[in-house]
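# Reading the structure
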Amino acid sequence: MSFVEVKNLTKVFGSVTAVDDVSFSVDEKSFLMLLGPSGCGKTTILRMIAGLETPTAGEIRIRDKIMFSSGKGISVPARERELGLVFQSYALWPHMTVFENIAFGLRVKKMQENAIREKVRESLAYMHLDEMANRYPQEMSGGQQQRVALARMLASEPALFLMDEPLSNLDAKLRVEMRAEIKNIHAHLSATTIYVTHDQVEGLTMASSIAVLKNGKIEQLDHPKKVYHYPETLFVADFIGSPQINILNCTAETSAGMTSIKTESGDNFKTAYNAISGDRKKLNAAIRPEKISIVASSGTNTARVKIKTVLPAGSETVIHVEYGKDLLRILMQKEQDLNAGEEVFIHFPEKDILLFDPETKKLLHN
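Just so it is clear, the structure is predicted and the values come from calculations on it, not from any experiment. (Residues numbered from 1 in each chain as written. Predicted model: local features only at pLDDT ≥ 70, side-chain atom pairs only at ≥ 80, totals over all residues. Heavy atoms only, no water.)

## Quick look at the overall build of the protein
Counting its secondary structure elements, the protein contains 8 helices and 21 strands. Counting across all 366 residues of the protein, residues that qualify as buried make up 48%. Restricting the contact set of the protein to residue pairs at least 6 apart, pairs at least 24 apart contribute 64%. As displayed, the protein offers around 17900 Å² of accessible surface, 48% of which is attributable to carbon and sulfur atoms. Placing the 44 positive and 45 negative side-chain charges of the protein at their respective mean positions leaves the two points 3 Å apart. (Helix = DSSP H or I, 4+ residues; strand = E, 2+ residues; numbered from the N terminus. Buried < 20%, exposed > 50% of the residue type's maximum accessible area, 1.4 Å probe, protein only. Contact = heavy atoms within 4.5 Å. Areas by Shrake-Rupley, 256 points an atom, 1.4 Å probe, with all protein chains shown as cover. Lys, Arg positive; Asp, Glu negative; His and termini not counted. Charge placed at Lys NZ, Arg CZ, Asp CG, Glu CD.)

See the structure below:
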């Protein structure tokens, strides 16, 4: 069942189209991540769902109730949409204690004081903030303030959680901790969630589905594993993944009903693709850094390269190699006894080579 449904949503600011005819649905209890670079329209979409921004056109439904419709002239105020919001800036009142910050929204709803105390107590306990009820925001760390913002949202028991880059102000260690916290909240409460971020790691580790946006449009909406392993466009392939995916210009050749590719450096690689129909001699081949391996000698689907940079990172090592005019990235597990300037052979597994049309920028399917 669709809990949130967005149809042909458009937002124009002057001469700029921030959101361009976007449609998607969010199933009940699911976790949708709106992911993309700055200026792609993801926050504008979230704000329109929240009622903080008025769409230029389109329709928004929550639990099959129309919240906005340009065609029907309906626009439900934000306060009546039963939403919980968590912002990048935490949005805590500095002159109120933690208890008062969480209780504020409940008092606006005219809840009885004893019920407010109980609800705040439960939220504080859930977020491990029991000892901080009487502190002020400025007396707390960034991570603690973000927990307060989450506790405030939980206390109001909204129908839908909306989060706008809530972890971007935290350091790397806290971000990891809070990712787990938010994922636990979603799992425990089965709360339908829409989360905005530019951080692909958050999308891949937290969401049940990811919508990758570019220039106000959705490039791909799918399960995180599908988005990572089978990106529908070159933009998605390049945006998702760290280190970035390797992309090579090549030409296609067909033999025995299968497609092989020839790179600009003259190497031939077999692929898992059947013979490609149509006139697609020029292609882009893409392969993830962790799929490339260093091998002892030449063979099928191998190439000779020169190591340019070795970047050890504890449990893994990133290696940059020169391959003709291209610089390839290789991600290897554990530390590696390799040095810049060495020549080695690398191997491209057939099944891990993705082929894209260089004109449409779209993934080719068998």
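From this point, things continue past the structure.
## Points about the pattern of salt bridges
Taken as a whole and judged by the stated rule, the model has 16 salt bridges. One salt-bridge network, in which partners are shared between bridges, spans Glu59, Arg61 and Asp64. (Salt bridge = Lys/Arg side-chain N within 4 Å of Asp/Glu carboxyl O.)

## Some thoughts on the sheet that holds strand β7 (residues 83-86)
Taken together, the 6 strands give an open sheet; going across it, the order is β7-β8-β9-β3-β10-β11, and neighbouring strands pair in mixed fashion. Of all strands in the sheet, those bounded by a partner on one side alone are β7 and β11 (217-222). When the angles between neighbouring strand axes are averaged without regard to direction, this sheet yields 15 degrees. Sheet topology note: the strand β3 (residues 31-35)/strand β9 (residues 193-197) ladder contains 5 bridges and is parallel. Across the sheet, Leu35 pairs through a bridge with Thr197, a residue of β9. The strands touched by helix α4 (residues 142-155) within the sheet are β7 and β8 (160-164), with β7 carrying the most contacts at an inclination of about 175 degrees. (Pairing = 2+ DSSP bridges. Axes fitted to C-alpha atoms, helices over the stretch in contact; angles between N-to-C directions.)

## Points about the pairing of strand β20 (residues 343-347)
In this structure, strand β16 (residues 293-295) lies alongside β20, joined through 3 bridges in antiparallel fashion. Looking across to β20, one finds that Ser293 is bridged to His347. Pairing geometry for strand β17 (residues 302-312) and β20, over 5 bridges, is antiparallel. What sits directly across from Lys306, in β20, is Glu343.

## Comments concerning the side chain of Lys119
Locating Lys119 in the fold gives a position in helix α3 (residues 113-126). A polar contact is formed between the side chain of Lys119 and the side chain of Glu157, at a distance of 2.7 Å. Contact partners of Lys119, with chain neighbours within four places excluded, come to Leu106, Ala155 and Glu157. (Polar contact = N/O pair within 3.5 Å; in protein donor to acceptor, adjacent residues only side chain to side chain.)

## Focus on the pairing of strand β19 (residues 326-333)
Direction of pairing for strand β18 (residues 316-323) relative to β19: antiparallel, over a ladder of 8 bridges. Along β19, the bridge assignment pairs Val318 with Leu331. Between the antiparallel neighbours β18 and β19 lie 2 residues, among them Gly324 with a positive phi of about 60 degrees.

## Observations concerning the side chain of Ser30
For Ser30, the position within the fold is in the loop between β2 (16-27) and β3. Excluding residues that lie within four positions of it along the chain, Ser30 makes contacts with His186, Ala191, Thr192, Thr193 and Ser208.

## With respect to a nonpolar patch on the surface
On the surface, Trp93, Phe104 and Val108 cluster together to form a nonpolar patch covering roughly 300 Å² of accessible area. Within the element layout of this structure, Phe104 appears in helix α2 (residues 98-108). (Patch = residues over 30% accessible without salt bridge, like charges linked within 9 Å, V, L, I, M, F, W, Y side chains within 5 Å.)

The quantities given are spatial measurements derived from coordinates; they are silent on function.
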